[in-house]
Amino acid sequence: MPNEPDAWRDEPRSTHRSGPSRPARRRRFGATAALIAAIVGSLGLVVALAGLAIQLLPRHFSAAQRQQIMAWEVSKRWRTLPAGEIFPAQVSYQLPAMALQDVTNVPLQTVRVGIAPQTSCDGAADPGAARLLDANGCQAVLRATYTDESATYVITVGVAVLSGARQASVAAAAIHAAGGTVQPGVTSAPFAGTPAGSFGNGQRQVTGSQAAGPYVVMYAAGYADGRPQVDIGKEDSYAQSEMTAAAQGVQASVIRTLATPPPTPHCPGTPGC
């Protein structure tokens, strides 16, 4: 009997130390594992949501991508725009005040008499100009012919479609460098039964060309009565001024339509979004 209390005291001590300690460790380990799993799961959810947000949010174009999209928009206009929009029925221009020895410009307008069928550079430009255009990837030429309001002057404007803006600039610079009394460029596009019926290549008095995006926009102007080419700067400086003003007015109208940069692309609303 004296040993029983000692045995009783030893047993509870042994039970208290070894029995409950194992389940407690298991609980702590399980709680830690659950916490880690929850954190990993949360991180995965955040990554998944971020990926979904990136897919749903609008794209952001780089500066180079924006330039490429804008250049593409400009380069396709010659195919997608109606001919009557590229070459409108009437085009206004300003006769310079100095031509009249006045102090203000005089507003005038030209009238379209016809639009020629699309053709190649060889078929719508002088041989010298055609070589320069073809060397820079000329795809086609669009032409239309106008007269001034009094049907005294005739203007043919031509759009050479090149493979890119750099090629157009190179070709236009080379055409300018060719010089001559009448610079090489677009050939005339006469229309029978109109005031432009007698406007042939031998009647061109003034010519010019300008690069605009992937296009070289050229003009040739002369008299409607069929008179041959002369040194018009010496023969009639007033006529030279008005012909040039009318031709450049039509040229500028075509350039605005074809080569004005489109709005800066953004998503949504732009191809590629």
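Residues numbered from 1 in each chain as written. Predicted model: local features only at pLDDT ≥ 70, side-chain atom pairs only at ≥ 80, totals over all residues. Heavy atoms only, no water.

### Here's the deal with the pairing of strand β6 (residues 215-223)
(1) Moving on: For β6, a buried count of nine out of nine residues is recorded, marking the element as mostly surrounded by other parts of the structure.
(2) Moving on: Sheet topology note: the strand β4 (residues 153-161)/β6 ladder contains nine bridges and is antiparallel. Of the residues in β6, the one forming a bridge with Ile-155 is Ala-221.
(3) Moving on: With eight bridges connecting them, strand β5 (residues 204-212) and β6 associate as antiparallel partners. Each residue of the ladder has a partner; that of Gly-208, found in β6, is Tyr-219.
(4) Moving on: What sits between β5 and β6 in their antiparallel hairpin is a turn of two residues, with Gly-213 showing a positive phi close to 60°. (Buried < 20%, exposed > 50% of the residue type's maximum accessible area, 1.4 Å probe, protein only. Helix = DSSP H or I, 4+ residues; strand = E, 2+ residues; numbered from the N terminus. Pairing = 2+ DSSP bridges.)

### What about the environment of Val-159?
(1) Moving on: Here Val-159 shows up in strand β4.
(2) Moving on: Separated by 27 residues in the primary sequence, Val-159 and Val-186 place their C-alpha atoms 8.5 Å from one another.

### Let's talk about the nonpolar core
(1) Moving on: Membership of the largest hydrophobic core comes to 20 residues, with the highest contact counts inside it found for Phe-87, Tyr-146, Val-157, Val-159, Tyr-215, Val-217 and Val-254.
(2) Moving on: Listed by contribution, the elements that provide at least two residues to this core are β3 (140-148), β4, β6 and α10 (237-259).
(3) Moving on: With five residues, α10 is the single largest residue contributor to this core.
(4) Moving on: Beyond its immediate chain neighbours, meaning those up to four positions away, Val-217 contacts Val-157, Gly-158, Val-159, Gly-208, Ser-209, Gln-210, Gln-251, Val-254 and Ile-255.
(5) Moving on: The next biggest cluster of nonpolar side chains, apart from the first, holds 18 residues, and it includes Ala-130, Val-141, Leu-162 and Val-186. (Core = buried A, V, L, I, M, F, W, Y, C linked by side-chain atoms within 4.5 Å. Contact = heavy atoms within 4.5 Å.)

### Thoughts on the side chain of Thr-147
(1) Moving on: By the secondary structure assignment, Thr-147 is in strand β3.
(2) Moving on: Residue Thr-147 is classed as buried on the basis of its relative accessible area, which comes to 5%.
(3) Moving on: Once residues lying within four places of it in the same chain are set aside, the contact partners of Thr-147 are Thr-110, Val-111, Val-113, Tyr-153, Val-154 and Pro-195.

In short, shape yes, function no, at least from these values alone.
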